[in-house]
Amino acid sequence: MEAIAGDVHVHGYGWAGVWSAAASLIFLWSMVQQHLPAQLEEYLSALSRRLQAAITPYVTISIDEHVPDSFGRSEAYLAAEAYLSATCASGARRLRADLAADSDRMSVAVDDHEEVVDGFRGAKLWWRKTKTLPRGNVISWSAHEEERRTYCLTFHHRHRGLVDAFYLPHVLAEGRAATVRNRQRRLFTNNPSSDWSGYEARVWSHVKLEHPSTFATLGMDPDKKRDIIDDLDMFRDGKDYYASVGKAWKRGYLLFGPPGTGKSTMIAAMAKYLDYDVYDLELTSVKSNTELRRLFIETKGKSIIVVEDIDCSLDLTGKRKKKKKKASKKKGKSGDKKKKTPPAPGAGKDEENKVTLSGLLNFIDGLWSACGGERIIVFTTNHKEKLDPALIRRGRMDVHIEMTYCCFESFKVLAKNYLHVTDHELFHEIRQLLGEVNMTPADVAENLMPKSKKKDVDTSLARLAKALKEAKEEALAKALAGAEHEEGTEDDDEEEDDSSSSSEEEENGKKKEDIWNDK
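Residues take numbers from 1 onward in each chain, read along the sequence in its written order. The predicted nature of this model means local features are confined to residues of pLDDT at least 70 and side-chain atom pairs, given and counted, to a pLDDT of 80 or more, with totals for whole chains, interfaces and linings taken over all residues. By convention in this description, side-chain values take in all heavy atoms of the structure and omit both hydrogens and water.

In the annotation of an unreviewed UniProt entry, the entry for the protein chain reads AAA+ ATPase domain-containing protein, and the organism field reads Aegilops tauschii subsp. strangulata. The heading Sequence similarities (unreviewed entry) in the UniProt record of the protein chain holds the text "Belongs to the AAA ATPase family. BCS1 subfamily." UniProt positions are given in the numbering used here, feature names are shortened, and annotations may be inferred rather than shown by experiment. Of the comments in the UniProt record for the protein chain, the one headed Catalytic activity (unreviewed entry) reads "ATP + H2O = ADP + phosphate + H(+)".

Have a look at this one:
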C-alpha cells in the first residue's frame, strides 16, 4: 500500500510539474510575443504553416473581415457569415445574437472560436471563426484595427477543385440571398459633398423604408397595374436576358401627370413589390457631374434611384436653353450700346461646378450606368412637355407611365380599400360625374376616408358625390368666365381698330388742309 501510495504521489507530482511547466511556457510565450519583431513573428508563423502542411493533408482558406485600404467589411466575409447563419448555425454550441441596423429582427451568427461542419456534394468541410487581438503596444486609429476576425474554411486537399469551382460560388450566392431575405428596406438621401471626407464619411444617409403602399392599394386601373407588374417581373428575373442582348441591367421609368395622381405612391409600391431600397437623389445639392457619378457608384444593386420633379430640380430642359439663346440674339440685334456690367466674382466657377444635361444623360445611359446591376431609375414630373427629348427617349426612360385623374376603375379600388365596399347605389352617379370632372385620386381618397371610427359608407360616398358636383359647377363657372373674357378682348380689339382707323382719317384730313393753306 505504501508503494502504491508512493507511486500515486510521484505520478501526481509529475503531472503537477507538467502543468506548471506548460503554464510557464504559455506565460513566457505571451511575453516574448509582445516584444517579438513583426518580421520574425511572420517568419515563424509561415514556418509553422509549412510544417503543418507537410504533416496534414488538409487545406485552409481564410476570409478576413476587413480588406486592405477599406473602412467597410469584406463582402465575402458578410456572405460567409450570412450563409453559416442560415445553414450551419443549428449545429453550433455558441452563438452570437445582434440587432442589425434598421431592423426589427435579431440576427444570430456563429460566435468567436466556434467550429461548425458543412457538407457539399459528398465533401466534408469545417468552418471556424477566429478572433485575433492586437498587440498591447500598438495604437489603433480605427475601430476594425482593434480586433481582427476571420472565417477559416478547412477541407481535404482532394476537394480543392470542388471548393474553388463550385462550393465558394455556392456560399457567395446563398449568403447574398440570405442577406436579401433578412434585410430591412431602406430609404437613402444624398449628403452634401462637404460631408464626404473623414473617417466616418458617408455619401448617403438612410432611414428605414416603412411606406405601406402596395399595388393592391394603389388607385389605378387594374389592367394598367397588371402591365406595370409584368414589366417589373421581367426586369427582376431578366439578368441573363439583358446580358444576352448586350444591355446594362437597368430600366428607366418616367412618371408624369398632375399633382396628387400618385407618382410617389407608385414608387413606394414598386419598391415594396420588388423588395428594393430607394435612393432619393436631390439634384440641387449636387455640385458637379463628378459628384453625380460618385453618388451613382455608391449605390447598390436591388435599388430604385429616384429624381422627383426633374423639371424643377435643375435647368436641364432643352426649351429653356433655346429661349435663352433667342433672347441673347435679340439683345445683340437691338443695337443697345449700354455698358456691360462685369460678372460677379465666382460666377464663372459656379457655372462650371454644376450638373449639366450631358452629365445627367451619362448618369442614366452612359458607360458609368453599367457599373453594378439591377437598378431602376425613376423620374417624376408634372410637365412632361418641358423636358428635353434626349432625356426621356426610349433607352433612358424605357417606360412612360401617365398618372391620370381618377377614373371609375380607380375609384372602385379606392372604395374597396377605404370602405370595404364593391357596389353601392351611388356608384352610377359617381361614375357619371368622374367622366365629366377631373379629380385626382388623392382628393377622391380624402373624401372617401371616414371622419370617425364608425365607417359610414353612405356618408362617405355622398360626400364624394357632393365634392364632384361642386367641382363640376366650379369648372363650368370658370369656362363661362373664360368665354366672357375672350369676348371682351375681341370687342376691345375691334374698338382699338375703329379708333385707330378714325385717327388715321383725322390725320389725313389735317394733312390735306395744310396743303391747301400752303397753296
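Following the structure, the description resumes.
**Student:** Sorry if this is basic, but what is going on with the sheet that holds strand β5 (residues 123-132) here?
**Tutor:** Pairing between the strands of a sheet comes from backbone hydrogen bonds, and it takes one of two forms, parallel or antiparallel. Note on pairing: DSSP must find at least two bridges between two strands before they are called paired. Per the convention used, a helix needs a DSSP run of H or I reaching at least four residues, while a strand needs a run of E reaching at least two, with both numbered from the N terminus. Across the sheet, which stays open at both edges, the four strands sit in the order β1-β6-β5-β4 with antiparallel pairing between neighbours. With one partner strand each, in any of the chains shown, β1 (58-64) and β4 (115-120) form the two edges of the open sheet. Strand after strand, the sheet turns through a mean of 25° between neighbouring axes, direction not considered. Bridge analysis of β1 against strand β6 (residues 148-156) gives seven bridges, and the strand direction is antiparallel. Only C-alpha atoms enter the line fits that serve as axes; for helices the fit covers just the stretch in contact. Angles between N-to-C directions range over 0 to 180 degrees.

**Student:** What should I look at first to understand the packing of aromatic side chains in this one?
**Tutor:** Two aromatic rings are characterised by how far apart their centres lie and by the angle between their planes. Two rings belonging to Phe, Tyr or Trp (six-membered ring only in the last case) form a pair when the distance between their centres is within 6.5 Å. Interplanar angles under 30 degrees mark stacking, angles over 60 mark edge-to-face geometry, and anything in between is tilted. All chains considered together, the criterion is met by 16 aromatic pairs. The interplanar angle of 45° and the centroid separation of 6.4 Å between the aromatic rings of Trp-127 and Tyr-167 together place this pair among those described as tilted. Residue Trp-127 is located in strand β5, and its partner Tyr-167 is located in helix α4 (residues 160-182); the two are separated by 40 residues in the primary sequence. Ring pairs connect the aromatic residues Tyr-77, Tyr-83, Phe-120, Trp-127, Tyr-151 and Tyr-167, which therefore count as one cluster. Above the plane of the ring of Phe-296 lies Arg-375, whose end atom (NZ or CZ) is 5.1 Å from the centre. Between Lys-384 and the ring centre of Phe-256, over which it is positioned, the NZ or CZ distance is 4.5 Å. Placement of a charge over a ring requires the Lys NZ or Arg CZ to be within 6 Å of the ring centre, with the centre-to-atom vector within 35 degrees of the ring normal.

**Student:** Hey, could you run me through unusual backbone geometry in this one?
**Tutor:** The residue Lys-302 is not glycine, and still its phi comes out positive at about 55°. Within the secondary structure, Lys-302 is located in the loop between α8 (289-297) and β11 (303-307). Using a relative accessible area of 27% as the deciding quantity, one classes Lys-302 as partly exposed. A positive phi angle, close to 55°, is found at Glu-374, a residue other than glycine. Inspection of the secondary structure puts Glu-374 in the loop between α12 (357-365) and β12 (375-381). Residue exposure (1.4 Å probe, protein chains only): buried if accessible area is under 20% of the type maximum, exposed if over 50%, otherwise partly exposed.

**Student:** It is not clear to me how the confidence of the model for the protein chain should be interpreted in this structure. Could you clarify?
**Tutor:** In regions of low pLDDT, the predicted coordinates are not meant to be interpreted in detail. pLDDT runs from 0 to 100 and stands for how confident the predictor is about each residue. With 72% of its residues at a pLDDT of at least 70, the protein chain reaches an overall mean of 79. The contact criterion used throughout is that any non-hydrogen atoms of two residues lie within 4.5 Å. In the model, residues 317-321 has pLDDT below 50 throughout and makes ten contacts with residues more than four positions away in sequence or in other chains. Contacts for the low-pLDDT stretch residues 343-352, under 50 throughout, to residues beyond four places or in other chains number zero contacts.

**Student:** Looking at this model, I keep getting lost on the pattern of salt bridges. Mind explaining?
**Tutor:** When the charged atoms of two side chains with opposite charge come close together, those side chains can pair. A side-chain nitrogen of Lys or Arg and a carboxyl oxygen of Asp or Glu constitute a salt bridge if their distance falls within 4 Å. The tally for this structure, following the rule as stated, stands at 23 salt bridges. In this structure, Arg-294 engages Glu-298 in a salt bridge whose closest nitrogen and oxygen atoms are separated by 3.5 Å. Residue class for Arg-294 comes out partly exposed when judged on its relative accessible area of 33%. Residue classification places Glu-298 among the partly exposed positions, given a relative accessible area of 37%. Among the salt bridges present, the one from Lys-472 reaches Glu-436, with a minimum N-O distance of 2.7 Å. Highlighted residues: Lys-472 in helix α17 (residues 457-518) and Glu-436 in the loop between α15 (427-434) and α16 (441-448), separated in sequence by 36 residues.

**Student:** For this particular structure, what's the right way to read helix α3 (residues 75-87)?
**Tutor:** Counted at 1.5 Å a residue, the expected span for α3 with its 13 residues is 18 Å, and the 18 Å between its end C-alpha atoms agrees. All of the buried residues in α3 are Tyr-77, Ala-79, Ala-80, Glu-81, Ala-82, Tyr-83 and Leu-84. With a side-chain oxygen positioned 3.3 Å from the backbone nitrogen of Ala-76, the residue opening α3 is Ser-74. Helix span, expected: 1.5 Å multiplied by one less than the number of residues in the helix. For the purposes of these results, a polar contact is taken to be a pair of N or O atoms within 3.5 Å, where, inside protein, one atom must be able to donate a hydrogen and its partner to accept one; residues adjacent in sequence count only when each atom of the pair is a side-chain atom.

**Student:** Looking at this structure, I do not really get the side chain of Arg-375. What am I missing?
**Tutor:** Within the secondary structure layout, Arg-375 lies in strand β12. Within this scheme the basic residues Lys and Arg register as positive and the acidic residues Asp and Glu register as negative, but His and the chain ends are omitted. Glu-298 provides the closest opposite charge to the buried, salt-bridge-free Arg-375, at an N-O distance of 9.1 Å. A polar contact is formed between the side chain of Arg-375 and the backbone oxygen of Thr-299, at a distance of 2.7 Å. When near neighbours in sequence (up to four residues on either side) are disregarded, Arg-375 contacts Phe-235, Trp-249, Lys-250, Arg-251, Phe-296, Thr-299, Lys-300, Gly-301, Ser-303 and Ile-305.

**Student:** Would you take a moment to explain the nonpolar core for this structure?
**Tutor:** The tendency in soluble globular proteins is for nonpolar side chains to be buried side by side. The term nonpolar core refers to a set of buried residues drawn from Ala, Val, Leu, Ile, Met, Phe, Trp, Tyr and Cys, joined through side-chain atoms within 4.5 Å. One finds Leu-281, Phe-379 and Leu-391 to be the most contacted residues of the largest nonpolar core, which totals 28 residues. Listed by contribution, the elements that provide at least two residues to this core are β9 (250-256), α8, β11, α12, β12 and α13 (389-392). The contacts of Leu-391, once residues within four sequence positions are left out, are Ile-310, Leu-357, Leu-360, Leu-361, Ile-364, Phe-379, Arg-396 and Met-397.

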